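Chain and residue survey
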Amino acid sequence: MPKWERQYTAIDPMDELLRCTCGKPDCPTGNLRPLREHMGALIQAILSCGHVGLIDGGQDPWPGTLYSLHMAVSIEDVFVDPAYIDESSSGLYCDSAWEFDEEQRETSSKYVAALAIFNFIWMAYEEAIGYCLGENFSKDKPAVQSRKFLNGTEEKHETKIASFNAVYRATARICGKRSGLKDGIDLIQTKYRLEGASAAAELMRLFRNHVVHGDDSTPLSGGSTTVAHFYASATLLLMLIQILILHRVTNQSAKIPLSLVLDDKGEHSAGFVLLNLHRPEDRWLT
């Protein structure tokens, strides 16, 4: 087999975090859709809500959010070659050097794919905040706007979203293992007394700043090669977008199609869809 034939894709680890190993019917991870399916279902829900006139934009609702989600869901593979700047070319004549380079290519490709997907979903989240909140808390940055809004709303949609709290706790635990994040995460409850969606919004603000400021360890820095923190955070962000849409829709009981193309997919109330779309359809809760 030629050495250049890859036996993996960069998004292979995407759903490892959500793979149920216990088999229990109430398993919070076993009752979650694969991440790409979750993104696709959210895209469809936004389009359907716009089509029916429940959110702004009509046939072109929330374009910034849809663009970013579409970019994220479209990623099927990434190839990263850290050896590009290796002037020694040792991998051409040394098997051990080649094997090391191959390991670096694989871990780096998986890391960059996870980072790209997270970044696009973060962009979708920021755009959703703008569409949902308008001028509310406009002096603050989007992530702070979201936290303040979700902390101040009387209707706590997250209490009705199955697995939301489990996903939040798992994401906080996973992100807390990254260097420099644990103390800030602990303050979410001990100092700021946040819970539910506002706590999740603050967790995501902390994690995004950790990443964008270059504080995350990477395969090239010799740090952990895990990408679970990106995919757990991506799942939580998608659920936060669901909550923002629920706050924005004009009539949660209005019916929306599950597909604008396939009539046999049927329709449900907007509220029901937005509370369940992160789950396989055969496990949707009434």
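Scope of this entry: the structure provided in the associated data block. Worth saying up front: this structure is predicted, and the values here are computed from it rather than measured. (Residues numbered from 1 in each chain as written. Predicted model: local features only at pLDDT ≥ 70, side-chain atom pairs only at ≥ 80, totals over all residues. Heavy atoms only, no water.)

A word on the overall build of the protein chain
What the protein chain contains, in helices and strands, is nine helices and two strands. Listing each helix as α and each strand as β along the protein chain from the N terminus yields α-α-α-α-α-α-α-α-β-β-α. Relative to the globule expectation of 19 Å for 286 residues, the C-alpha radius of gyration of the protein chain, 20 Å, shows essentially globular dimensions. Judged by the C-alpha coordinates and their principal axes, the protein chain covers about 65 × 50 × 40 Å. When each of the 286 residues of the protein chain is scored for burial, the buried share is 49%. Excluding contacts between residues fewer than 6 apart, the proportion of contacts in the protein chain whose partners are at least 24 apart in sequence is 71%. Accessible area of the protein chain: about 14500 Å², with a carbon and sulfur share of 51%. Here the protein chain holds 28 positive side-chain charges and 37 negative ones, and the gap between their average locations is 8 Å. (Helix = DSSP H or I, 4+ residues; strand = E, 2+ residues; numbered from the N terminus. Rg over C-alpha atoms; globule rule 2.2 N^0.38 Å. Buried < 20%, exposed > 50% of the residue type's maximum accessible area, 1.4 Å probe, protein only. Contact = heavy atoms within 4.5 Å. Areas by Shrake-Rupley, 256 points an atom, 1.4 Å probe, with all protein chains shown as cover. Lys, Arg positive; Asp, Glu negative; His and termini not counted. Charge placed at Lys NZ, Arg CZ, Asp CG, Glu CD.)

Some thoughts on the packing of aromatic side chains
Across all of its chains, the model carries eight aromatic pairs by this definition. Ring plane angle 65° and centroid distance 5.3 Å describe the contact between W122 and Y125, whose orientation is recorded as edge-to-face. Residue W122 and its partner Y125 are both found in helix 3 (residues 95–133); the two are separated by three residues, about one turn of the helix. Here W122 falls in the buried class, since its relative accessible area comes to 5%. Look at Y125 and you get buried, because its relative accessible area is 1%. For the ring pair F207 and F230, a centre distance of 5.8 Å and an interplane angle of 65° mean the geometry is edge-to-face. Here F230 lies in helix 8 (residues 228–248) and F207 lies in helix 7 (residues 196–212), a separation of 23 residues in the sequence. This pair shows no difference in class: F207 is buried, exactly as F230 is. Over the ring of Y8 we find R6; its NZ or CZ atom is 4.9 Å from the centre of that ring. (Phe/Tyr/Trp six-rings, centres within 6.5 Å; stacked < 30°, edge-to-face > 60°. Lys NZ or Arg CZ within 6 Å of the ring centre and 35° of its normal.)

Quick notes on the packing of helix 5 (residues 164–175) against helix 8
Axis separation between helix 5 and helix 8 bottoms out at 9 Å; the angle between their running directions is 145°. When the axes of helix 5 and helix 8 are compared, the crossing they make is left-handed. For the pair formed by helix 5 and helix 8, the contact residues are F164, V167, Y168, T171, I174 and C175 on the first element and A228, H229, A232, S233, T235, L236, M239, L240 and I243 on the second. Here the residues of the contact of helix 5 with helix 8 are counted per class, giving eleven nonpolar, four polar and no charged. (Axes fitted to C-alpha atoms, helices over the stretch in contact; angles between N-to-C directions. Left-handed = near helix turned anticlockwise from the far one by under 90°. Nonpolar A, V, L, I, M, F, W, Y, C, P; charged D, E, K, R; others polar.)

Observations regarding the pattern of salt bridges
For the coordinates displayed, the defined rule picks out 15 salt bridges. R33 is the partner of E281 in a salt bridge, and the nearest nitrogen-oxygen pair spans 3.1 Å. Residue E281 is found in the segment after helix 9 (270–276), and its partner R33 is found in the segment before helix 1 (35–52); the two are separated by 248 residues along the sequence. In this structure, D216 and R178 form a salt bridge, with 3.0 Å as the shortest nitrogen-oxygen distance. Of this pair, D216 sits in the loop between helix 7 and helix 8 while R178 sits in the loop between helix 5 and helix 6 (182–190), placing them 38 residues apart in sequence. For the residue pair D216 and R178, the accessibility class agrees, reading buried in each case. Among the charged side chains, a salt-bridge network with shared partners connects R33, E37, K265 and E281. (Salt bridge = Lys/Arg side-chain N within 4 Å of Asp/Glu carboxyl O.)

A few points about the environment of E76
Mapped onto the secondary structure, E76 falls in the loop between helix 2 (63–74) and helix 3. Here the alpha-carbon distance between E76 and R279, two residues 203 residues apart in the chain, equals 22 Å. Excluding residues within four positions of it along the chain, E76 makes contact with T9, I11 and R36.

Things to note about helix 7
With 17 residues, helix 7 extends 24 Å between its outermost C-alpha atoms, agreeing within 8% with the 24 Å of an ideal straight helix rising 1.5 Å per residue. With respect to burial, helix 7 is a largely interior element, 13 of its 17 residues being buried. (Expected span 1.5 Å × (residues − 1).)

Focus: the nonpolar core
Within the largest apolar cluster, 82 residues are counted, with the highest numbers of intra-cluster contacts made by I117, Y125, F164, L240, L244 and I245. Considering every element that reaches this core, the biggest residue donor is helix 3, with 14 residues. Ignoring anything within four residues of it in the chain, the contact list for I117 reads I11, M14, M39, A72, I75 and Y231. (Core = buried A, V, L, I, M, F, W, Y, C linked by side-chain atoms within 4.5 Å.)

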